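Structural overview for review
The residues making up each chain are set out below.
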Amino acid sequence: MTLRRASALLISLLFLLPAPGAAARLSEPARWLQSYLRIDTSNPPGNEQLATAFLAGILDQEKIPNRLLRSPGGRVSLYARLSSPRSGGRAIVLLHHTDVVPAGPGWTVPPFSGLVRDGRLWGRGALDDKSLGIAHLAALVDLKRRGAPMERDVIFLAVADEENGGGQGAEWIVANHPELFRGVEGVLGEGGRAQVSGGRLQWWGIEVAQKRPLWLEVSTYGRGGHASGLNPESANHRLVQALARLLQRPVRWRVTAPARAYLKAIAPLHTGRWRRVLSDIDKVVAETGPREFLMPGMANLFIDTVQVTVLDGGERINVIPDRATARVDIRMLPDTDAQAFLAGVKSALGEDCQVKVLVTAPPAAASPASGRVYRALEKALGGQAPVVPTFVPGFTDSRFFRQRRIPAYGVSPFALSSDDSRGIHGADERIPLDELDRGVARMRRIVSLYVSPPGG
């Protein structure tokens with residue numbers, strides 16, 4: 001028995017185990033997601049091979065051709081393709097990542113139990129990003145079972161390592177297997193968001209542009225020793241002072257083309273003052289800051305953000321370490337000069353600091369709000385609410401495709417309340433079961449519209 005088949009057999013047993021809290025009858029996609037959530041793919045280390053074995057087991061059962069892609073670091077992703085003889089190689093990619101961030105503290109349920117409670121399915125990955133993967137899988141399987149006429153191919157791509165920057169996942173795959181993506185007309189991945197307010201769906205946000213990462217590790221060195229002695233130039237003191245200088249740098253505000261286009265697109269969906277502000281944001285945002293009050297979170301659309309997220313220096317209160325490190329998460333606007341920005345960061349930190357770039361990305365053009373893929377999104381979703389091309393302050397694996405001029409779109413088919421959305425990268429991540437099923441139906445329609453012949 002091959003390792004792949006052995007892994008698939010073990011993972012398939014998840015379907016046979018009793019599901020905690022499963023009182024209601026679940027749909028097939030919900031049962032898939034429940035089993036998927038019970039696979040701990042916390043990154044680090046990822047263990048994505050367990051997830052790909054699970055997904056491959058379903059694909060094998062449906063007789064959909066698939067293969068595993070292993071990076072030099074041993075991280076496993078999965079590629080499957082449902083082909084049509086009439087496609088001429090033209091295809092759409094359904095992209096999601098199999099890894100999740102560690103569960104962390106604060107959970108009121110076991111984070112990898114797939115618990116059903118209060119009409120919701122709970123677990124790390126329920127929103128980011130395993131539910132999207134199941135919606136993609138259900139759309140692919142639906143096409144195969146129906147034997148639907150197809151004018152395009154559908155690629156299902158489940159990648160490793162997204163939560164750590166994607167270097168062992170999407171970035172490696174696209175760079176080393178470009179032949180798998182010839183003829184691709186568009187990618188559907190994470191990053192989109194349905195705007196829900198007061199229980200009402202206002203619009204579907206389709207992510208077409210995003211910020212760029214600049215993740216850094218900053219290290220300082222100094223004389224270690226006993227903490228009872230005066231040592232103002234210890235590694236920790238040097239690091240704290242350097243980070244303070246970095247955080248005190250003046251912030252430059254500016255309106256980029258993607259932010260301007262996004263706000264102009266949603267302006268007609270507002271009234272009064274907000275319609276005016278969003279329609280002409282250049283009059284509101286000055287280089288030194290906004291001239292008027294902005295909505296919470298809007299500032300991220302206009303500035304390069306600097307966030308110190310990890311500090312590591314010393315293990316005992318009475319011991320001075322000789323080395324201290326910090327990790328800094330910088331999100332740059334689409335047109336920021338990364339080299340110039342990095343030079344400014346190093347200058348602020350000072351010569352005592354060593355700076356290592358962990359993750360970065362070159363500029364990439366926004367994906368067009370046009371073409372066959374985008375029209376399928378508009379047709380499938382537009383009957384419920386307007387479809388709006390958006391700019392987001394985060395970053396996703398879409399950037400690796402946009403860098404190669406392949407259009408990529410962040411799409412969430414789930415209309416979630418702000419309360420349910422709060423679980424992303426936080427405690428008690430969950431998804432309402434009824435909205436999971438509605439989202440699966442929407443994704444099936446999106447993919448079906450893309451592949452169907454005219455009038456089909």
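**Here's the deal with the overall build of the protein chain**
Helix and strand counts for the protein chain come out as 13 helices and 20 strands. The globule rule puts the C-alpha radius of gyration for 456 residues at 23 Å, and the 23 Å found for the protein chain is close to it. Judged by the C-alpha coordinates and their principal axes, the protein chain covers about 75 × 60 × 45 Å. Classification of the 456 residues of the protein chain by burial places 54% in the buried group.

**Let's talk about the side chain of Thr98**
Structurally, Thr98 is set in the loop between strand E3 (91-97) and strand E4 (115-117). Among the residues examined, Thr98 registers a relative accessible area of 0% and is labelled buried. If we ignore the near neighbours within four places in the chain, the residues touching Thr98 are Tyr36, Thr41, Glu48, Ala51, Leu55, Lys130, Ala158, Val159 and Ala160.

**Structural notes on the packing of aromatic side chains**
A full pass over the atoms with the stated rule returns 7 aromatic pairs. Measuring from ring centre to ring centre gives 6.2 Å for Tyr79 and Phe181, while their planes differ by 85°; the resulting arrangement is edge-to-face. Here Tyr79 is found in strand E2 (residues 76-82), whereas its partner Phe181 is found in the loop between helix H5 (170-176) and strand E7 (184-189), with 102 residues between them in sequence. By relative accessible area, which is 6% here, Tyr79 ends up buried. Here the aromatic rings of Trp253 and Phe302 are separated by 6.4 Å at their centres, their planes lie at 25°, and the arrangement is stacked. Placement of Trp253 in the loop between helix H6 (235-247) and helix H7 (257-266) and of Phe302 in the loop between strand E13 (289-290) and strand E14 (305-312) is noted, with a sequence separation of 49 residues between them. The same class applies to Trp253 as to Phe302, namely buried. Ring-pair connections join several aromatic residues into one group, and the members of that group are Tyr79, Phe181 and Phe401. Over the ring of Phe341 we find Arg249; its NZ or CZ atom is 5.3 Å from the centre of that ring. Between Arg273 and the ring centre of Trp274, over which it is positioned, the NZ or CZ distance is 4.5 Å.

**Section: the nonpolar core**
Leu188, Ile281 and Phe302 are the most contacted members of the largest nonpolar core, which totals 87 residues. For this core, the leading source of residues is helix H4 (residues 130-146), giving 9 residues.

**Examining the sheet that holds strand E20 (residues 430-432)**
Strand order in the open sheet formed by 3 strands is E4-E5-E20, with antiparallel pairing between adjacent strands. Only two strands of the sheet have a single neighbouring strand rather than two, namely E4 and E20. The sheet shows a mean angle of 25° between the axes of neighbouring strands, taken without regard to direction. Taken together, the 3 bridges between E4 and strand E5 (residues 120-122) define a ladder with antiparallel strand orientation. Residue pairing in the sheet places Leu115 in a bridge with Trp122 of E5. Its contacts with the sheet put helix H2 (residues 28-37) on E4, E5 and E20, and the angle it makes with E5 is roughly 20°.

**Considerations on the pattern of salt bridges**
Summed over all chains, the structure comprises 28 salt bridges. Between Arg75 and Asp161 there is a salt bridge, with the nearest N and O atoms lying 3.4 Å from each other. With a gap of 86 residues between them, Arg75 in the loop between strand E1 (66-70) and E2 and Asp161 in the loop between strand E6 (153-159) and H5 connect regions that are remote in the sequence. Per residue, the accessibility class of Arg75 equals that of Asp161, and both read buried. We note a salt bridge from Asp118 to Arg117, for which the minimum N-O separation is 3.8 Å. Connected through salt bridges with shared partners, the residues Arg120, Asp419, Asp420, Arg422 and Arg430 form a single ionic network.

**Considering the confidence of the model for the protein chain**
As a general rule, the predicted coordinates of low-pLDDT regions are not to be interpreted in detail. Taken as a whole, the protein chain shows an average pLDDT of 94; of its residues, 94% reach a score of 70 or greater. Scored below 50 in pLDDT, residues 18-23 shows 12 contacts in the model against residues more than four places distant or in partner chains.

**What to know about the packing of helix H10 (residues 371-381) against helix H13 (residues 433-451)**
One can describe the packing of H10 onto H13 by two numbers: an axis separation of 8 Å at closest approach and a directional angle of 135°. One way to sum up the angle between H10 and H13 is to call them oblique. Here H10 and H13 pass one another in a crossing that is right-handed. Between H10 and H13, the residues in contact are Arg372, Val373, Ala376, Leu377, Lys379, Ala380 and Leu381 and Arg442, Arg445, Ile446, Leu449, Tyr450 and Val451, respectively. Residue composition of the contact of H10 with H13, by class: 9 nonpolar, no polar and 4 charged.

**With respect to the environment of Ser113**
Inspection of the secondary structure assignment puts Ser113 in the loop between E3 and E4. Taking relative accessible area as the criterion, Ser113 reaches 11% and is therefore assigned buried. Along the primary structure Ser113 and Arg124 are separated by 11 residues, whereas in three dimensions their C-alpha atoms are 9.1 Å apart. Separated by 2.9 Å, the side chain of Ser113 and the backbone oxygen of Pro110 make a polar contact.

**A look at the pairing of E6**
With 7 of 7 residues buried, E6 is to be regarded as a mostly interior element. Burial along E6 is two-sided: Asp153, Ile155, Leu157 and Val159 and Val154, Phe156 and Ala158, pointing in opposite directions, are all buried. Where E2 meets E6, 5 bridges bridge the pair, whose relative direction is antiparallel. Counted as the bridge partner of Leu82 is Val154 from E6.

Conventions and cut-offs
Residues numbered from 1 in each chain as written. Predicted model: local features only at pLDDT ≥ 70, side-chain atom pairs only at ≥ 80, totals over all residues. Heavy atoms only, no water. Helix = DSSP H or I, 4+ residues; strand = E, 2+ residues; numbered from the N terminus. Rg over C-alpha atoms; globule rule 2.2 N^0.38 Å. Buried < 20%, exposed > 50% of the residue type's maximum accessible area, 1.4 Å probe, protein only. Contact = heavy atoms within 4.5 Å. Phe/Tyr/Trp six-rings, centres within 6.5 Å; stacked < 30°, edge-to-face > 60°. Lys NZ or Arg CZ within 6 Å of the ring centre and 35° of its normal. Core = buried A, V, L, I, M, F, W, Y, C linked by side-chain atoms within 4.5 Å. Pairing = 2+ DSSP bridges. Axes fitted to C-alpha atoms, helices over the stretch in contact; angles between N-to-C directions. Salt bridge = Lys/Arg side-chain N within 4 Å of Asp/Glu carboxyl O. pLDDT = per-residue confidence, 0-100. Parallel < 35°, antiparallel > 145°, perpendicular 65-115°, else oblique. Left-handed = near helix turned anticlockwise from the far one by under 90°. Nonpolar A, V, L, I, M, F, W, Y, C, P; charged D, E, K, R; others polar. Polar contact = N/O pair within 3.5 Å; in protein donor to acceptor, adjacent residues only side chain to side chain.

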